[in-house]
Structures are given as C-alpha cells and as structure tokens.
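# Close look at the chain arrangement
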Amino acid sequence: MLINSNHPKREEAAGQGNPQEEPALTSRVSSEEAAKGEGAPVEAEASSLADEDTIKLQSMAAARAVEQRASDEARAAIERAAAAWSSLLRAGPAPVTFPTAVPASADQPGPEPTAPESKPEEPVEEGRKAAFSEAETLPLASAPATLTAATSTSPLAEAETLPLATPGVAIGQGEQQAPQLVAQAPAAHREQTADHQQKSAARQSASTRRRSARRLRPPQWPGRLWKQARYGTGRQRLKALVLLAILLLGIGLPIVSGLAVGLQAYLTYSTLRGQASAGVEHLLALKTIFNGAKAHPSSLFEADKLNQAAQELQQAQQSFAEARDIIDHSALIHTVIALLPQYRLQVSSARAATQIGVDVSVIGLKLIPAARSLAPHFQGPLLSNSSKPLVTQDMLNLLGTTIDNIMPSLRDIETQSQNLSLAALPLSSSQRQQVQQVLQMLPVLQQSLSQARQLLDAAGWLLGVDKPRTYLVQTMDRSELRPAGGFTGQYGELTINAGRIAPFSLKDISFVEYTASSPTLGQLAPEPYRSWWPFANWGLRDSNLSADFPTTGQLAIQAYQHETGRHVDGVIALTPFFIEHVLQIIGPITVPGYNETITALNLEDRLHFYQLDSEGVRKQQIVQHVDDSSQARKLFTSRLAQTLLDRVRHAPPDEILAIAHEALYDLKTKDIEIYVTDPRVEQLLIQYGYGAQMDRSTSHDGLYVVQANLNATKASQYVRTLIHDVVTLDANGGATHYLQLRLAYTDTGPVYGYDTYRDYVRIYVPPNSKFLSGDGFDSGTPLCGGPLPACNATVVYPHDELMCPPGQYQPGAASPTLSDENPGDWHPLDSVGPPTNTVSDVAGRAMFGGWVVVPKNCTITVTLSWYVPPLNKGHYALLVQRQAGTYPELDVTILPPDPCSQLNLAGTHVDTLLSSDLLITPRSLSTGGSQGQGQAASTQSSCYPRVGV
C-alpha cells in the first residue's frame with residue numbers, strides 16, 4: 001500500500017497546529033536575553049556579586065538533566081510511534097484524517113481530537129480506521145531538539161522522525177495480522193492515554209523538585225558581603241565589614257567556647273583521676289610495707305615501718321581530699337549533672353569513693369600513734385616472768401580512746417558505701433570483687449571493735465591489771481566425756497599479774513580426794529543431779545555436771561574451796577583440742593627425761609599411755625623415782641604441762657599473738673571455758689558469747705544434746721554421735737520435732753576401763769515443750785543376759801533400736817554405783833522405752849533424759865518427739881548447741897506448713913559437722929499476690945526438702 005506522506009504540508013500543519021508554542025518559546029528566550037542584557041543598577045550590582053562559576057556549574061547540571069530527560073522521553077516516544085506505524089501498515093489502506101488542532105502546550109494537553117463522521121463500514125475496515133486514526137490524530141512535525149520534551153507526547157510527531165517501513169513487508173504482515181488489530185486498536189488507544197497521563201504527572205513532579213532544589217540552595221548573601229568588604233567603597237564596605245565581623249563572632253564564639261569547655265572537662269577529669277589513682281597507690285604501698293605481717297604480726301609494731309606507713313597515709317589522705325574537693329566545688333561537674341542527669345550516678349559514686357579513701361587514711365593515721373606506744377611492749381618474750389608489766393591501765397585507756405576515735409570514720413565508710421555503685425567506677429572485675437568483700441566486712445569489723453571496746457575493762461580484770469588474779473585450771477579428758485567437755489582429773493592454779501603469767505604446774509586430784517581423810521567421803525552430788533548421779537564421794541573431779549559452764553564453774557569453785565581451803569577468782573577448763581591448737585602454733589615439744597616428742601597428733605594417745613597403761617606407769621616410776629604407782633600415774637602429764645607452759649611463756653611475740661587469736665576462737669567453740677566470780681565481767685562474757693552458757697532464749701527454738709560417759713572408760717573417743725532432727729511447723733508457728741539420736745560405738749583401740757558404753761543423755765529444749773513420744777532409753781527392767789537367759793543372737797528389740805554383731809548383745813560388767821549391790825557381776829540388758837527423767841536441772845529449759853546403754857561394737861538409736869508452742873510466729877529459727885569436747889554429725893530438716901506460704905517460710909535442710917553453736921534460720925519466701933496452681937506447685941517443691949528420716 002502506498003502512502004503519500006506529504007511532508008511539507010505536515011510541517012505546515014504542525015506549525016499551525018500549536019499557535020501558542022512558538023510565542024511561548026520566543027518569550028522565554030527573549031526574557032532570558034532581556035535578563036542578561038538589562039542594565040538596571042540594582043540588578044547589575046547583584047550580578048556583579050554572584051559567583052559566576054557556581055552559576056555556570058548549576059546551569060550545566062540543569063541542562064544535562066533536561067537533556068537526559070528529553071532523550072529518555074524521545075526514545076520511549078519513538079518506540080511507541082514505531083509500534084503504531086507497524087500496526088497501521090499491517091491494517092492496510094484507509095482514509096486518513098489529520099487533526100486541525102493540537103493541545104495548547106505540551107504541559108497541558110488539550111482534548112483528544114475526534115474522527116470525522118463516516119458511514120458504518122465492515123469490521124475490518126473499522127479496525128484499520130481506528131489504528132490509522134490513533135497514529136494520525138497528533139500533528140506530524142519536525143520539532144527542534146530543544147522542543148522534544150514539549151512535543152514528545154504526540155505519537156504522530158514522534159513517528160515522523162522515523163523512516164517509513166517497507167510497504168511490501170508491511171502489507172504482507174498486515175494481511176496476516178489484520179484480524180488481530182481489530183481487537184488491539186482500542187487497547188492501544190487506552191495504553192497511549194495512560195502513558196500520556198503518567199508523563200504529565202512526572203513532569204509536574206520534576207517541576208516540584210526543581211523548585212525545592214532552588215529553595216534548598218545555600219544563601220548567597222555571605223558571598224555578597226565578602227565582595228562588598230573587598231571591592232565596596234565607603235559606607236558599603238564598612239557595613240559589610242561590620243556584618244562579617246558579627247557573622248564570624250556568631251560562628252566562632254560557640255566553637256571556641258565549646259573547645260574551652262571540652263579542654264576544661266578533660267583537665268578536670270585528668271586531675272580527678274590522677275588524684276584518686278595517687279591515693280590508691282599510697283594505700284597499696286601499705287601492703288608492701290607490712291608484707292608478711294600475717295605470718296609475723298609483731299612486724300606491725302616496727303618503728304621504721306610505722307613511719308613509712310604514716311607518710312603514705314598522709315599523702316593518701318591529701319590526694320583523696322583534693323579529689324573530693326574537685327567534685328564538690330567544680331562548677332563544670334555541677335553543670336554536667338544538671339544538663340546530663342544520667343551521669344549523676346558516676347559523680348555520686350566517685351564522691352563516695354574519695355570520701356571512703358579519706359576515712360581509711362584517717363583511720364590509719366589514728367592507729368599509728370597507738371601502735372607506736374605499744375611497740376616497746378612487743379619486743380622479746382611477752383609472758384616471761386618480769387617486774388615490768390605487760391599490760392597497764394594506760395594502755396587499755398589508749399586502746400579505748402583509739403577505738404572511740406576511729407568508730408566515726410568506720411560509720412561514715414558504711415554510710416558512703418550506700419551511695420557507692422562499683423559498676424559506675426573505672427574498676428576491673430577483680431578490683432570490684434575485692435572492694436565488695438572489704439565493704440561486706442565493715443559491719444563485722446564495727447561489731448568486733450564495739451565488743452572490744454566494752455570488753456577492755458573485763459580484759460583488764462582478767463589480766464590482773466589492778467591486782468593479780470588466780471584461776472583454777474582444769475584439763476578435761478574428752479575420751480571420758482562429761483557434760484562440760486570431759487573428766488577433770490587434774491588441776492592447777494594459774495596466776496596472772498599485769499598480763500604476765502607466773503610458773504604453773506598441774507596436780508593429780510586423787511592426792512586430795514583419794515585419801516583416807518578426804519573431805520569428799522560420803523558426800524553426795526548436788527540435789528538437781530542426785531537422782532541420776534551414780535557414784536559416791538562426789539568432789540571436784542566430778543564437778544563437771546552441767547553443760548551450762550557458769551553452773552559447772554560455780555560447783556568447781558565451791559568444791560575446790562571445800563577440799564583445799566583456797567580461794568580463786570575463776571575457773572578455766574581446757575579440752576585437748578585447745579592444747580593441740582597451741583602445739584600446732586609453737587611446734588612439737590620434747591618432755592625432759594622421757595625422750596618423748598609430743599605433737600598435736602599424738603597428744604591424747606601419749607597422755608592415756610602414761611596415765612592408764614601399766615607400761616607407761618612403770619616408766620614414770622623409773623624416770624621420776626617414785627615407788628607408788630598411784631602417785632606416778634600423772635607425773636608425765638604434769639611435766640608435759642610445765643614444759644608446754646614454759647615454752648609458751650618464752651615464745652616470740654608472733655606466736656603469742658597467734659595463740660591469743662586461737663584462744664578467742666576456742667572460747668566460741670567451748671574448747672576453752674571460763675567462769676569468773678566478778679558478776680560484771682561474767683555478764684560481759686555471757687553477753688558476747690564467751691561464757692559457754694546454755695541458751696535460755698524464748699525468741700527461738702533450741703536443741704542441746706548433752707552426754708555423760710559414766711562407766712569409768714575412755715570409750716567416748718570411739719563413739720560417733722549422729723543427730724537427725726525433722727521439724728514440722730504448723731500454721732501458728734509451733735514446731736513438732738522428731739529426733740533420732742544414733743550412737744555408733746566401734747572399739748578400735750584401748751578403752752582403759754569397762755567395754756560397755758553407759759551414757760546418761762539429756763536433751764534440753766525450750767520451756768513449755770510438750771513430750772509426745774520416745775524410745776531407746778534404758779527402762780531399768782532386765783530383759784536378757786547376765787543372770788537371765790542369754791539374749792537373742794540377732795534381734796533383741798522389736799524396732800531394732802539396738803544393732804550388734806551376732807551374739808554380742810551382752811552388756812557385761814559396770815563400774816560400782818550407789819545402786820549396784822554386786823558391781824563385779826555381769827549386768828543384764830534392760831528393755832528400752834521413753835525417757836525416764838523429765839525434770840530439768842537447768843532453769844528456763846525443759847529436759848528429757850535417761851540412760852542409754854551401748855555394748856561394744858553396737859549401734860543404738862534413740863527416738864524422741866516433742867512439740868514446741870509458737871515462739872515467734874513468722875520468724876522461726878532453731879539454735880543447735882554443741883557440747884564441748886564433741887563433734888557430732890548434725891542433720892536437720894525444717895518443713896513449713898502446707899502450703900508454706902502460711903508462714904512465708906521455705907523449707908531448710910542442714911547437714912554438717914557441728915563444731916560450734918549453729919543457728920538455723922529458714923529463708924523467707926518472696927511476698928506477692930495470690931499464686932496460681934503452677935506457681936503454687938513450684939513453691940511447694942522449693943520449700944519442702946524431702947529428706948528421708
């Protein structure tokens with residue numbers, strides 16, 4: 001098909017089709033030229049101040065952007081026009097009608113031209129007409145390159161820029177695809193319309209972006225001011241200079257001020273950190289100065305070290321004080337806190353840390369003068385016999401004054417520690433841990449110093465500062481266990497004058513009580529103990545009747561004064577454990593004449609050998625030239641005590657201080673027990689736990705198991721004591737106890753007496769306790785053995801209270817007693833049952849007691865149950881006291897009521913070796929609202945330690 005394109009006419013039509021296009025372009029060009037050529041004074045002045053380079057760069061960038069957009073839109077238009085022409089050629093010849101008008105402008109296209117009316121034709125002809133009309137409804141023109149963007153919306157104009165397709169090829173394709181174009185023509189028309197709308201929106205968006213970009217351009221007035229200042233004349237130049245100066249000041253002053261503040265902050269921080277670090281370094285220097293003081297405490301009193309320590313403490317105090325003052329008076333720090341509250345914690349922690357450093361330094365500086373005053377007294381042996389007092393009242397006053405002076409600083413440290421957050425300080429994890437440990441020790445340190453302050457007067461009395469004090473000293477043999485620790489077969493008088501110990505020796509009590517004219521003949525035990533005490537001729541050797549040592553001490557003083565007529569100021573009882581502790585400090589000692597080296601490990605064994613073994617007794621007779629064996633039995637013990645005390649009296653200060661430290665610990669564990677006749681001093685000892693008294697408090701529950709080996713045997717050392725107590729609390733706070741006391745007797749060495757272990761057991765509990773049940777106590781009713789038929793070889797009691805090897809249930813003989821008419825005969829095994837004694841011999845305590853008989857290599861289980869009424873609802877605690885000379889195995893379980901939230905207490909289980917009195921306090925449950933089933937189950941599982949009995 002041949003198409004007459006008629007290009008000249010189309011160009012003319014294109015020029016007439018948009019009569020407003022050329023005037024618009026002409027006006028824009030003319031306006032730009034006019035703007036460039038206008039010579040008004042104001043515009044010329046502004047143009048002279050413009051930055052030509054910037055304008056050129058902006059213009060070039062804008063031109064490139066317009067050119068790129070025009071190129072992209074032209075490429076898209078060409079592709080659409082090519083598609084339209086291809087469709088036209090495929091459709092075949094059809095009448096062509098050119099529009100006589102086009103939209104007024106490219107940005108605002110006019111209404112779509114309508115095709116002229118024509119008669120209805122065949123469907124194929126209508127498809128050709130629609131396709132050709134869609135291609136020819138826009139003007140054909142060859143617009144200039146600069147107008148491409150404006151005219152690119154005309155598909156026909158875009159099609160005119162392309163060569164026409166080869167007619168033959170187009171016709172061939174058109175004949176094949178003509179039926180498809182009939183259906184595609186309307187869709188193509190809609191696609192062209194949508195594309196036209198999208199391009200219009202894109203142009204509007206681009207125009208908006210250009211206007212926004214012009215608004216975001218940096219202001220040009222600073223450049224104008226600068227050019228006026230350089231090239232202006234007179235008033236303009238002066239004005240520009242003033243404005244520029246104001247501008248520079250407005251910009252420069254904040255920058256300079258910020259730099260100054262930053263520099264000041266850095267200098268303040270550096271100074272603060274430097275002062276704090278210096279203070280810490282001075283305090284750490286004390287550790288170097290007194291290195292090894294733990295092993296050699298006397299080095300704390302060396303004059304050179306004290307002088308060095310004083311210098312370091314003064315410098316530390318100065319450094320910490322300066323750091324504290326910086327924090328208190330720095331306006332910058334106060335400003336930072338006001339503007340940045342998140343740094344308040346760091347500043348308050350730093351302030352507290354510096355004050356703690358000052359307090360520590362002050363404490364050290366106050367201790368130095370006291371140490372200098374005491375230093376001359378810690379040179380040479382401390383306890384040797386000398387006319388120079390070791391302890392004076394002035395020394396005690398100095399110590400009291402020093403404690404009074406440092407207590408405010410300690411309290412301030414505790415106060416400052418409340419404001420101290422270790423996480424806010426520049427400390428490593430190990431340093432935080434060390435500081436935390438020290439802070440946790442503060443309450444203990446304050447309590448110890450407070451006790452020491454109140455005990456200074458008591459210490460002066462005990463050490464004989466005002467006048468010499470004499471004490472009755474008794475050694476207790478724990479292998480023959482008695483209520484306060486052991487059998488007391490030896491005694492001596494210890495005199496202390498102004499802190500110095502006079503020579504001391506032990507004597508055998510048998511020289512006083514085992515004589516024909518003994519004052520103890522026919523004497524019975526005191527009334528509270530007479531019902532169960534089995535032996536005649538009660539005296540000093542048996543005065544150890546009560547586990548409450550103030551009671552036992554009074555009995556001993558009365559018996560000693562009755563038997564010897566001598567007055568003493570108090571009683572000191574020692575278990576072998578304390579002597580072993582002393583030997584661990586001073587080392588082994590050699591007993592003169594016996595070629596025996598005594599250590600902490602063989603002390604008890606060698607004492608028993610020389611006292612009870614016939615070979616040992618004979619050796620004493622030979623060494624000390626004594627014919628009477630009864631008098632020779634304890635000569636080795638006396639010489640050992642004399643040698644030991646002489647070694648202690650001449651020990652260096654380091655060992656004396658170590659022994660004093662150990663003695664304070666043994667006072668707590670009752671391996672040293674003291675009773676004095678001065679009521680004020682005795683009350684202080686009881687108040688601070690040094691009196692070895694039985695607890696009589698009614699604010700908490702209590703348990704005290706007391707044993708007494710009363711069969712003239714050293715078998716206690718081979719008996720294990722196991723205490724198993726299950727305590728069930730009710731909703732009111734009352735406690736039901738179920739106790740199992742197991743005595744396991746395994747004979748692994750000589751007992752130097754009767755084989756059977758006859759133990760009088762007393763169990764002390766709070767007053768008003770109600771007995772519920774019991775078993776395992778000797779009833780006094782013979783069952784088998786002895787004069788009766790032999791006991792069953794395997795089972796004796798119905799509940800297996802006594803377990804022995806087969807055929808060894810025979811108790812055998814017993815020591816003579818007041819109630820035994822035939823002491824030499826073998827005794828039968830009695831039946832067992834509840835306790836036979838429920839009358840307490842200690843005021844303020846209830847008691848359940850009775851005999852417990854254990855044949856050799858057997859184990860007996862005593863059971864006891866009682867109820868303790870509520871003592872302190874919601875705050876239940878159980879105090880288990882340890883009997884001196886024993887180390888029982890303790891297993892306690894405390895079960896709160898079900899549910900345990902009734903008392904807000906969780907269950908507790910304790911399994912330990914009882915080495916001192918132990919207070920067991922169940923933890924409190926966290927408070928909160930009601931709990932669900934799942935939470936309740938979790939709580940019950942955590943507060944009920946299910947430990948089998």
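Criteria and cut-off values
Residues numbered from 1 in each chain as written. Predicted model: local features only at pLDDT ≥ 70, side-chain atom pairs only at ≥ 80, totals over all residues. Heavy atoms only, no water. Disulfide = S-S within 2.5 Å. Buried < 20%, exposed > 50% of the residue type's maximum accessible area, 1.4 Å probe, protein only. Helix = DSSP H or I, 4+ residues; strand = E, 2+ residues; numbered from the N terminus. Pairing = 2+ DSSP bridges. Salt bridge = Lys/Arg side-chain N within 4 Å of Asp/Glu carboxyl O. Expected span 1.5 Å × (residues − 1). Contact = heavy atoms within 4.5 Å. Axes fitted to C-alpha atoms, helices over the stretch in contact; angles between N-to-C directions. Parallel < 35°, antiparallel > 145°, perpendicular 65-115°, else oblique. Left-handed = near helix turned anticlockwise from the far one by under 90°. Nonpolar A, V, L, I, M, F, W, Y, C, P; charged D, E, K, R; others polar.

## A look at the state of the cysteines
Inspection of every chain in the model, using the stated rule, returns two disulfides. For Cys-784, the disulfide goes to Cys-791, at an S-S distance of 1.8 Å. For the disulfide bridge between Cys-784 and Cys-791, the dihedral angle about the S-S bond is near 95°, and by the sign convention the bridge is right-handed. Across this residue pair, the class does not change: Cys-784 and Cys-791 are buried. Covalent S-S linkage joins Cys-804 and Cys-858, the inter-sulfur distance amounting to 1.9 Å. Disulfide Cys-804-Cys-858: the torsion about the S-S bond is 125°, which places it as right-handed. A residue pair is termed long-range when its members are at least 10 positions apart, and Cys-804 in the loop between strand E15 (802-803) and strand E16 (829-833) and Cys-858 in the loop between strand E17 (846-854) and strand E18 (859-868) qualify at 54 residues.

## Here we look at the pairing of strand E20 (residues 889-895)
Counting buried residues in E20 gives six out of seven residues, a clear majority hidden from the surface. Sheet topology note: the strand E10 (residues 719-729)/E20 ladder contains seven bridges and is parallel. Counted as the bridge partner of Asp-725 is Val-892 from E20.

## Regarding the pattern of salt bridges
Counted according to the given criterion, the structure contains 25 salt bridges. Asp-542 is the partner of Arg-541 in a salt bridge, and the nearest nitrogen-oxygen pair spans 3.7 Å. Of the two residues, Arg-541 and Asp-542, both sit in the buried class. Among the charged side chains, a network of salt bridges with common partners joins Asp-477, Glu-480, Arg-482, Glu-513, Arg-541, Asp-542 and Lys-714.

## Points about helix H23 (residues 635-649)
Given a rise of 1.5 Å per residue, 15 residues ought to cover 21 Å, and the 21 Å separating the end C-alpha atoms of H23 matches this to within 8%. Three or more residues of H23 are buried, namely Leu-635, Phe-636, Thr-637, Ser-638, Leu-640, Ala-641, Leu-644, Leu-645, Val-648 and Arg-649.

## Concerning the environment of Asn-419
Structurally, the position occupied by Asn-419 is in the loop between helix H14 (393-418) and helix H15 (429-462). Look past the residues within four positions of Asn-419 in its chain and what remains in contact with it is Ser-348, Ser-349 and Ala-352.

## Focus: the sheet that holds strand E9 (residues 701-709)
Reading across the sheet, the five strands line up as E17-E12-E9-E19-E22 and stay open at both edges, with mixed pairing between neighbours. On the outer flanks of this sheet lie E17 and strand E22 (918-920), each paired with one strand and no other. Mean inter-strand twist for the sheet, computed between neighbouring axes without regard to direction, equals 20°. As defined by bridge partners, strand E12 (residues 757-765) adjoins E17 across nine bridges and the pair is classed as antiparallel. Bridge pairing in E17 links Val-765 to Ala-846.

## Considering the packing of helix H11 (residues 303-329) against helix H13 (residues 344-374)
Their axes nearest at 8 Å, the elements H11 and H13 cross at an angle of 155°. One element, H11, and the other, H13, form an angle in the roughly antiparallel class. Once H11 is placed against H13, the crossing between them reads as left-handed. Among the residues making up the contact of H11 with H13, the classes are represented as 16 nonpolar, eight polar and four charged.

## Here we look at unusual backbone geometry
Positioned with a positive phi, Asn-537 is a non-glycine residue whose angle comes to about 55°. With respect to the helices and strands, Asn-537 occurs in the loop between helix H17 (527-530) and helix H18 (549-564). Relative accessible area serves as the criterion here: at 25%, Asn-537 is assigned to the partly exposed category. One non-glycine residue, Ala-712, adopts positive backbone phi at about 50°. Using a relative accessible area of 37% as the deciding quantity, one classes Ala-712 as partly exposed.

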